[in-house]
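In case you want the letters, here they are:
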Amino acid sequence: MSATTEDYGVVYKPTPTGSSSYASVDDLPLQRLGIKFVRIQWVDLTNTVRFRVLPVSYFKKLYTTPRPAVGLAHVTLGLVGTAAARGFSGSGEHLYVPDLSSFRVCPYAPGHAVVMGWFQEKMPSPTGSFASELCPRALLKRIVDDAQEKAGLSFLAGFESEFILLSATSPEPVAVNNAGWSCSAKSPSGSVENAVLEEIAEDLLEAGIELQMYHAESAPGQYEVVTGPLPPLEAADAIVHTRETIRNVASKHGLRATFAPRLHSDDCGSGTHLHLSLHGGSADKAGSKRSDASLAPTLTPTERSFVQSLLTHLPALCALTLPTSASYARVLDGIWSGGTYACWGTDNKEVPVRLCGPRGAHHFELKTVDGTASPYLVLAGVLAAGVRGVLEGHALTIGDCQVPAAEMNREQRAAVGLVNPGRLPRTIGDARKLLAGDSYLGEALGAVFVERYIAVNELLEEFMQADTEAATVTRLVEFY
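Residues numbered from 1 in each chain as written. Predicted model: local features only at pLDDT ≥ 70, side-chain atom pairs only at ≥ 80, totals over all residues. Heavy atoms only, no water.

The cut-off we apply is this: UniProt positions are given in the numbering used here, feature names are shortened, and annotations may be inferred rather than shown by experiment.
If you look the protein chain up in an unreviewed UniProt entry, it shows as Glutamine synthetase from Laetiporus sulphureus 93-53. Annotation of the protein chain in UniProt includes, under Sequence similarities (unreviewed entry), the sentence "Belongs to the glutamine synthetase family."

**Let's talk about the sheet that holds strand β8 (residues 112-115)**
Let me state the cut-off plainly: Strands pair, by our definition, only if DSSP identifies at least two bridges between them. Only DSSP runs of H or I with at least four residues qualify as helices, and only runs of E with at least two residues qualify as strands; both kinds are numbered from the N terminus onward.
Pairing is mixed across the open sheet formed by four strands, whose spatial order is β2-β1-β8-β7. This sheet does not close on itself; its edge strands, each paired only once, are β2 (49-55) and β7 (104-105). Note: strand β1 (residues 37-43) against β2, seven bridges, orientation antiparallel. Note that in β2 the partner of Gln41 across the bridge is Phe51.

**Digging into the packing of aromatic side chains**
How we decide: When the centres of two rings from Phe, Tyr and Trp lie within 6.5 Å, Trp using its six-membered ring, the rings pair. Their planes under 30 degrees apart give stacked, over 60 give edge-to-face, and anything left gives tilted. Buried residues are those whose accessible area, probed at 1.4 Å on protein chains only, stays under 20% of the maximum for their type, while exposed residues exceed 50% and partly exposed ones sit between those limits.
Tallying each qualifying case throughout the model produces 11 aromatic pairs. Ring centres of Phe155 and Phe306 lie 6.0 Å apart, and the angle between their planes is 50°; on these two criteria the pair is classed as tilted. One end of the pair, Phe155, is in strand β10 (residues 153-168); the other, Phe306, is in helix α5 (residues 301-321), with 151 residues separating them in the sequence. Note on accessibility: Phe155 and Phe306 belong to one class, buried. Aromatic rings pair up to connect Trp42, Tyr96 and Phe119 into one cluster.

**Topic: a nonpolar patch on the surface**
What counts, and what does not: Exposure above 30% relative accessible area and no salt bridge define the residues that can form patches, which grow by joining like charges within 9 Å and nonpolar side chains of Val, Leu, Ile, Met, Phe, Trp and Tyr within 5 Å. Working definition of accessibility: Shrake-Rupley area with a 1.4 Å probe, residue cover restricted to the visible protein chains. What counts as a salt bridge is simple: a side-chain nitrogen of Lys or Arg found within 4 Å of a carboxyl oxygen of Asp or Glu.
A cluster of nonpolar side chains, contributed by Phe37, Phe51 and Val53, occupies part of the molecular surface with about 230 Å² of accessible area. Residue placement: Phe37 occurs in strand β1.

**Considerations on the pattern of salt bridges**
With the rule as written, the count across this model stands at 15 salt bridges. The salt bridge partner of Arg247 is Glu244, with a shortest N-O separation of 3.0 Å. Placement of both Arg247 and Glu244 in helix α4 (residues 232-252) is noted, with a separation of three residues, approximately one turn of the helix. Across the pair, Glu244 and Arg247 agree in class, each one buried. When salt bridges with common partners are traced through the structure, they connect Asp347, Arg354, Glu365 and Lys367 into a single cluster.

**Let's talk about the domain arrangement of the protein chain**
To keep it simple, the criterion reads: Domain start and end points were adopted from an automatic or database domain assignment. By the convention used here, residues are in contact when the closest approach between their heavy atoms is within 4.5 Å. A quick way to say it: buried area is the sum, across both parts, of accessible area lost when two parts are put together, with a 1.4 Å probe. Polar contacts, as counted here, are pairs of nitrogen or oxygen atoms within 3.5 Å of one another; within protein the pair requires one atom able to donate a hydrogen and one able to accept it, and residues that are adjacent in sequence qualify only if both atoms are side-chain atoms. Residues are grouped as follows: nonpolar covers Ala, Val, Leu, Ile, Met, Phe, Trp, Tyr, Cys and Pro; charged covers Asp, Glu, Lys and Arg; every other residue, Gly included, is treated as polar.
Under the domain assignment used here, the protein chain contains domain 1 (37-132) and domain 2 (148-479). The C-alpha-based centres of domain 1 and domain 2 are spaced at 26 Å. In this complex, domain 1 contributes 27 residues to the contact, which on the side of domain 2 involves 35 residues. Between domain 1 and domain 2, the buried area comes to about 2400 Å², and carbon and sulfur atoms account for 65% of it. Interface area lost by domain 1 to domain 2 is led by Asn47, Arg104 and Tyr108, which between them contribute 30%. Inspection of the region where domain 1 meets domain 2 yields one salt bridge. Two residues, Glu458 and Arg86, come together in a salt bridge whose shortest N-O distance is 3.1 Å. If you look at where domain 1 meets domain 2, you find eight residue pairs in polar contact (both at pLDDT 80 or more). Looking at the side of domain 1 that touches domain 2, its residues break down into 17 nonpolar, eight polar and two charged.

**Here we look at the nonpolar core**
Applicable threshold: For our purposes a nonpolar core is just a set of buried Ala, Val, Leu, Ile, Met, Phe, Trp, Tyr and Cys residues, chained together by side-chain atoms within 4.5 Å.
The biggest cluster of nonpolar side chains holds 121 residues, and the ones touching the most others in it are Phe306 and Trp344. If you tally residues by element for this core, the top one is helix α7 (residues 375-392), at 11 residues. When residues of this core are sorted by domain, at least three fall in each of domain 1 (37-132) and domain 2 (148-479).

**Overview of the pairing of strand β15 (residues 274-280)**
Along β15, six of the seven residues are buried, which leaves the element largely enclosed by surrounding structure. As paired elements, β15 and strand β18 (residues 363-366) share three bridges and run antiparallel to each other. Counted as the bridge partner of Leu274 is Leu366 from β18.

As structure tokens, then:
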């Protein structure tokens with residue numbers, strides 16, 4: 001029977017709370033799951049995952065104290081290798097407070113579970129807050145809470161994780177196979193790569209993460225894992241857990257999984273595309289009579305305002321979403337990676353913001369994100385930028401780009417509002433300058449945070465540059 005409706009796909013709606021919320025340490029299913037150790041885990045400003053391992057007995061003992069936490073030096077968030085970025089030193093200490101609602105079992109490490117947490121100061125600020133200005137999770141939570149309070153807006157976010165399985169990293173990366181996109185030859189039964197993918201899938205499901213699919217991607221040894229949407233903070237926690245699962249399962253089988261943006265100029269790069277849907281929003285109260293409705297008739301007023309403001313700030317946001325030199329080798333015109341123009345389009349892989357899904361249940365895909373970026377900072381920046389447009393009622397000025405912007409002539413660009421198109425930066429250094437000069441993002445993210453993030457990113461760029469191109473690539477895949 002032929003289809004008679006344009007509706008398709010699974011429709012998701014926000015829920016009041018996540019699926020893994022625990023009120024106290026006694027609620028955690030530690031004994032039932034055979035948990036012996038708890039990893040108190042965080043992600044620093046270079047998107048490096050770090051953790052401390054506590055026996056269950058001591059983890060529980062923390063909760064007999066007035067303020068359960070572990071101490072972490074202030075420099076913890078600003079380390080690159082063994083060096084501290086400008087503004088960080090060994091003086092001072094944060095308390096890292098576990099967030100029990102983030103609890104997940106680690107099937108790749110039997111007997112282990114993990115919790116994320118909050119960086120807090122030991123002494124409160126004059127307003128009575130213990131929150132650290134540098135805590136990525138607290139930053140994201142604040143922006144999400146502000147969007148709900150000020151704009152009546154909530155979100156669902158999900159990620160696609162592209163990665164390459166390597167059998168060796170030095171003297172140069174060696175992929176496990178050379179088959180193409182979605183080819184069955186990339187996952188033959190009995191192969192190590194097929195065993196790795198199946199174990200990744202099983203571990204994600206056991207950890208309570210919705211796995212939508214996994215499949216072979218285009219580059220040698222490249223695969224993609226797609227997980228379901230969640231509220232932003234939970235989505236960021238889930239993608240961290242997903243990456244850790246991929247890395248650890250690959251390691252168990254003698255392989256290295258890398259999320260490096262691009263290894264070779266003649267192969268496709270690896271991204272971590274962000275899928276985002278908007279729910280509610282004060283801009284919709286104005287109805288659909290705004291003059292920009294003709295540019296995007298399927299978008300709500302809230303969505304139009306959000307997208308316009310996101311595109312305005314997208315060049316500066318690249319410092320957060322594309323934080324390494326290698327990131328800019330992936331995002332080019334003509335290779336389906338989002339292109340270099342700040343624009344949007346329906347089902348167009350040559351724009352950074354792609355409209356996906358059926359009318360009335362669609363969402364946006366941000367393609368200018370890769371695995372070197374912290375998901376907390378990506379979401380914090382994107383949401384802060386878009387919510388500004390909703391609160392200020394920004395009108396959409398850019399229409400639906402149905403062909404690549406780089407292939408348009410002057411008349412075609414003018415027809416969709418790309419008269420003076422914003423271009424994305426072509427180096428991480430240029431992206432940092434744009435972020436430093438974006439006064440709105442500086443206010444939304446916090447001036448201290450932006451200053452320290454830029455300092456860490458400058459040191460990271462220096463650290464990632466080795467003596468030769470081959471050594472630089474090896475360092476990249478070993479770090480990411």
